[in-house]
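Examination of the molecular architecture
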Amino acid sequence: MKALVLAGGSGTRLRPITHTSAKQLIAVANKPVLFYGLEAIAAAGITDVGLIVGDTAGEVRAAVGDGAKFGLDVTYIEQSRPLGLAHAVLIAHTYLGDDDFVMYLGDNFIVGGIDDLVRTFRSGRRPAAQILLTHVSDPSAFGVAELDDDGRVVGLEEKPRHPKSDLALVGVYFFTPAIHAAVRAIEPSWRGELEITHAIQHLIDNGADIQSMVIEGYWKDTGNVADMLEVNRTVLEDLEPRIEGTVDEDTVVIGRVVVGEGARVTNSRIMGPAIIGAGVEISDSYIGPFTSVGDNCRITGSEMEFSIMLAGSAIIGVRRIEGSLIGRNVQVTHSLHAPNAHRFVLGDHSKVEIQS
């Protein structure tokens, strides 16, 4: 069995961050979202991975390499532009051949991995496709499944205006080679994309066995800032405390906190769960729960919680930051007459002056 991992796409809901960075490489708990998926695939015993890449191919290649650090053998498959999930399957046919495969969207996050899901697919009656579903409050934002009274999949619709259920497709799919004929048979949707929901519907219409599983565990599509912060919170809940850097006697550390190698924390208060990356400098500051500070950041005379701060950024003299996603190499400094709290979504290499 192989894996097909999608790491292209433009990440429009995470702009301006994704103007300069792949959305799958935005870090939660100081690790790119994509890495969690690759680790889950390796843990399920799958070693051969086709990685779909687009405009950010260079950045993804630099981060993932040949896959050896994950125990994987990664083959890169170029997609000229994002033309749909079914298009990704279409262009990967030569790589996938006649093998069964799991298709994993690189910006999805599933707590607990996919080990059990892989075993279920391989040990069962081997349907043409097995899809994962979860109940959502806003099904019109997702691909939606319609089930009959016996729980069989009878219909799929991509981002419907009037959803027939609240069961959204999770970004992990299991396929036999039957899917290849289906992706060749469909036409682009009104969005100009080859939709995987249409390909699966083609299988249904032609009598193929399509199985579904409703997952009750935690799943997130990290396509927007709110979901990214929520995944960060979830990962930090299981943080194992570790102090590798230097924490002076005037600093108070409470709860599950990681301080990375070479980091220095002085005269500050850190309340976990929180992770402080390698080479970070924090002084005269408060870092609250559910905060991730990337490598080589600097925080001075500031307060921050429930936020993600990516590598190389600096916050100086800012009274309060919360619920924020701060890109790489960003500078946030103080000015006059600031409100007590600030909320940011800042792109890489930004420089912002605020009143404080």
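Attention here is on the structure that accompanies the text. Here the residue index of a chain counts from 1 through its sequence in written order. Local features are withheld for residues below a pLDDT of 70 in this predicted model, meaning they are given only at 70 or higher, and side-chain atom pairs are given and counted only at 80 or more; totals for whole chains, interfaces and linings count all residues. Processing note: side-chain calculations cover all non-hydrogen atoms of the structure and skip hydrogens and water entirely.

Brief notes about the overall build of the protein chain
- Scanning the protein chain from terminus to terminus reveals eight helices and 32 strands.
- Expressed along its principal axes, the backbone C-alpha trace of the protein chain runs to roughly 70 × 40 × 40 Å.
- The cut-offs for exposure are 20% and 50% of the maximum accessible area for each residue type, with area from a 1.4 Å probe on protein chains only; residues under the lower value are buried, those over the upper are exposed, and the others partly exposed. Split into buried and exposed, the 356 residues of the protein chain put 54% on the buried side.
- Here, residues are in contact when the closest pair of their heavy atoms is within 4.5 Å. Relative to all contacts within the protein chain whose residues are 6 or more apart in sequence, the contacts with residues 24 or more apart total 48%. Only DSSP runs of H or I with at least four residues qualify as helices, and only runs of E with at least two residues qualify as strands; both kinds are numbered from the N terminus onward.

Concerning the sheet that holds strand E22 (residues 286-287)
- Between any two strands, at least two bridges found by DSSP are needed for them to pair. Here five strands make up an open sheet; going across it, the order is E16-E19-E22-E25-E28 and the pairing parallel. Of all the strands in the sheet, just strand E16 (252-254) and strand E28 (321-322) have a single pairing partner and so form its edges.
- As paired strands, E22 and strand E25 (residues 303-305) are joined by two bridges and run parallel to one another. Bridge pairing in E25 links isoleucine 287 to methionine 304.

Notes on the packing of aromatic side chains
- Here is the rule: rings of Phe, Tyr and Trp (six-membered ring for Trp) pair when centre to centre is within 6.5 Å. Planes less than 30 degrees apart are stacked, more than 60 are edge-to-face, and the remainder are tilted. Counting across every chain of the model gives four aromatic pairs.
- A centroid spacing of 6.0 Å and a plane angle of 5° characterise the contact between tyrosine 173 and phenylalanine 175, whose relative ring orientation is stacked. Judged on exposure class, the residue tyrosine 173 and its partner phenylalanine 175 are both buried.
- An aromatic cluster of at least three residues, connected via ring pairs, comprises Phe101, Tyr173 and Phe175.

With respect to the pattern of salt bridges
- In the sections that follow, a salt bridge refers to a side-chain nitrogen of Lys or Arg positioned within 4 Å of a carboxyl oxygen of Asp or Glu. By the definition in use, this model includes 13 salt bridges.
- The salt bridge involving glutamate 305 is made with arginine 320; its shortest N-O contact spans 3.3 Å. Taken together, the residues glutamate 305 in strand E25 and arginine 320 in the loop between strand E27 (314-316) and E28 connect sequence positions 15 residues apart.
- Note that arginine 320 is salt-bridged to glutamate 322, the shortest N-O span being 3.6 Å.
- Three or more residues joined by partner-sharing salt bridges are found here, namely Glu230, Arg233, Glu237 and Arg256.

Considering the sheet that holds strand E31 (residues 345-346)
- An order of E14-E17-E20-E23-E26-E29-E31 is seen for the seven strands of this open sheet, with the pairing classed as parallel. With partners counted over all chains shown, the strands left at the sheet margins are strand E14 (242-243) and E31, one partner each.
- One ladder, built from two bridges, connects E14 with strand E17 (residues 257-259); its direction is parallel. The partner of isoleucine 243 across the bridge, within E17, is valine 259.
- All axes are obtained by fitting lines to C-alpha atoms, using only the stretch in contact for helices, and the reported angles, taken between N-to-C directions, cover 0 to 180 degrees. Along the sheet face, helix H8 (residues 225-236) touches strand E20 (274-276), strand E23 (291-293), strand E26 (308-309), strand E29 (325-326) and E31 and points at about 95° away from the line of E23.

Some thoughts on helix H5 (residues 115-123)
- Looking at H5, one finds that the buried residues are Leu117, Val118 and Phe121. Viewed along the axis of H5, the buried residues span an arc of 100°, placing them on a single side of the element. In H5, the exposed residues that point more than 90 degrees away from the buried face are Asp116 and Ser123. Working definition: the arc comes from the directions between the helix axis and the C-beta atoms, pointing outward to the latter.

Concerning the environment of alanine 274
- Examined against the element boundaries, alanine 274 turns out to sit in strand E20.
- Measuring from C-alpha to C-alpha, the distance between alanine 274 and isoleucine 41 comes to 26 Å, with 233 residues separating the pair along the chain.
- Ignoring any residue separated from it by four or fewer positions in sequence, one finds alanine 274 in contact with Leu236, Leu239, Arg256, Val257, Val258, Ile287, Gly288 and Thr291.

A closer look at the packing of helix H1 (residues 33-43) against helix H2 (residues 57-64)
- In contact at an axis separation of 11 Å, H1 and H2 are set at 55° when each is read in the N-to-C sense. Considering their axes alone, H1 and H2 lie oblique with respect to each other. For the pair H1 and H2, the crossing hand works out as right-handed. Mapping the contact onto sequence places Leu34, Phe35 and Leu38 in H1 and Val60, Ala63 and Val64 in H2.
- In this count, Pro and Cys sit with the nonpolar residues alongside Ala, Val, Leu, Ile, Met, Phe, Trp and Tyr, while Asp, Glu, Lys and Arg are called charged and the others, Gly among them, polar. The residue makeup of the contact of H1 with H2, split by class, is six nonpolar, no polar and no charged. Each angle gets one of four labels, with under 35 degrees taken as roughly parallel, over 145 as roughly antiparallel, 65 to 115 as roughly perpendicular, and the rest as oblique. Two helices that cross are described as forming a left-handed crossing if the nearer one is turned anticlockwise from the farther one by less than a right angle, and a right-handed crossing if clockwise.

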